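What follows is each chain in one-letter form.
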Amino acid sequence: GTAGAQAIGMAFAPIITRLYGPEAFGILGTFMAIAAVVTPIAALTYPIAIVLPKEDSDASAIAQLSVCIAVTMAALVSLVILIAGDQIVHLLQVQKVRSYIFLIPLVIVFAAWLEINHQWLIRNKQFKIYAKVAVFQALIVNSAKAGMGLFKPLASVLILFYTLGTAIHAGMLSLGARKAKGNDSKERQNENRPSLWGIANKYYDFPFYRAPQTLLNALAQSIPVFFLAGFWGPAAAGFYTIGKKVLNMPTSLVSQSVGKVLYSK
């Protein structure tokens, strides 16, 4: 499934990159770099604890807690954008994305939703659903990018499909996760659901230790894009974004296929 999704992406890449050009990809890459800093800690990394509990009721509580935190974080980010959006854009020297940063709160919610469903499927070993969704999502999003690129090859289109692609992926996984969850009557009958506060305390080490590490790693990955876009313009950032995406494909193939299967162990 992972290989199929990447094959679809590579097949469409020569078409999409030539339709939109490096500048559009540079603006997309800058937007993704900003989103990458905030999305990994959207739910304070609680979703990756979903595979740990023995009881499904505890895992469901972690998922609910993650949703609550993600929505709260998105609201806070929205407030920050309204108050200091221009100052942040000027500080990072990414004026080209000023018109799109209002989408960041949506990306935060969709990314958290996606991660929750990822982890739930891993917990239930529903890798067939995971693989099918990866292929269909890649086909839908890349076809839409190529189709729209014939008429409006703009950075705004790429950013919109990046945002909607996350939502589509999360929605498709959610349907699969609900099906897997619905087959477990024991989880539905369990009335002893733990409190969200109790779950937050039990797995406090994720926001306390994992979230800062994830944030620092995201910053390290995003800083080159900010520098390239700020000093040499969006085209330079676009070439970097395209090159990095291609070079990461072999690593992603292994990490996404093998890593997801072994993670619950």
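Owing to the predicted nature of the structure, the values given are computational and were not obtained by experimental measurement.

Cut-off values and rules
Residues numbered from 1 in each chain as written. Predicted model: local features only at pLDDT ≥ 70, side-chain atom pairs only at ≥ 80, totals over all residues. Heavy atoms only, no water. 1 Å grid on protein atoms, 1.4 Å probe; cavity = no way out; pocket = protein on both sides within 12 Å on 5 of 7 lines; lining within 4 Å. Points joined across faces, edges and corners; volume = space filled by probe spheres on them. Helix = DSSP H or I, 4+ residues; strand = E, 2+ residues; numbered from the N terminus. Contact = heavy atoms within 4.5 Å. Buried < 20%, exposed > 50% of the residue type's maximum accessible area, 1.4 Å probe, protein only. Expected span 1.5 Å × (residues − 1). Bend = angle between axes of the 7 residues up to and from the residue. Core = buried A, V, L, I, M, F, W, Y, C linked by side-chain atoms within 4.5 Å.

Visitor: I'd like a description of the layout of surface pockets, backed by residues and values.
Guide: Taken as a whole, the second largest pocket encloses approximately 370 Å³ of empty space. Lining of the second largest pocket is provided by 17 residues; of these, I34, V38, V77, I88 and L92 occupy positions nearest its centre. Looking at the lining of the second largest pocket, the elements that each hand over two or more residues are α1 (2-38), α2 (56-92) and α8 (205-232). Ranked by residues supplied to the lining of the second largest pocket, first place goes to α2 with eight residues.

Visitor: I'd love a proper account of the environment of A49, names of residues and values included.
Guide: Summarising the element assignment, A49 is placed in the loop between α1 and α2. Sequence separation between A49 and S264 is 215 residues; the distance between their C-alpha atoms is 9.5 Å. With residues up to four places along the chain from it excluded, the contact list for A49 reads I62, Y203 and F206.

Visitor: Got a sec to walk through unusual backbone geometry? Specific residues and values, please.
Guide: One non-glycine residue with positive phi stands out, namely L44, at about 55°. Tracing the backbone shows L44 in the loop between α1 and α2. Here L44 falls in the partly exposed class, since its relative accessible area comes to 28%. Within the chain, K125 stands out as a residue other than glycine whose phi angle is a positive 55°. Looking at where K125 falls in the secondary structure, it is placed in the loop between α3 (104-123) and α4 (127-149).

Visitor: An account of helix α9 (residues 234-263) is needed here, citing residue identities and associated values.
Guide: The terminal C-alpha atoms of α9, which comprises 30 residues, lie only 37 Å apart, well short of the 44 Å expected from a rise of 1.5 Å per residue. A maximum bend of about 45° is found in α9 at M249, where proline P250 lies one to four positions downstream. Looking only at α9, the buried set comprises P234, A237, G238, T241, M249 and K260. Buried residues in α9 make contact with α1, α3, α4 and α8.

Visitor: Please set out α4 residue by residue, giving values where relevant.
Guide: With 23 residues, α4 ought to run about 33 Å at 1.5 Å a step, and its terminal C-alpha atoms sit 33 Å apart, in line with that. All buried positions along α4 are accounted for by I129, Y130, V133, A134, Q137, A138, V141, N142, K145, A146 and G149.

Visitor: How would you explain the nonpolar core if you had to name every residue and give the values?
Guide: By size, the foremost hydrophobic cluster in this structure holds 42 residues, and its most contacted members are I16, Y20, F31, V97, I104, L158 and I159. Looking at this core element by element, the count peaks at 13 residues for α1. If sequence neighbours within four positions are ignored, I16 has contacts with F25, N142, K145, A146 and L158. I116, I199, Y203 and F206 belong to the second largest nonpolar core, which has 23 residues in total.

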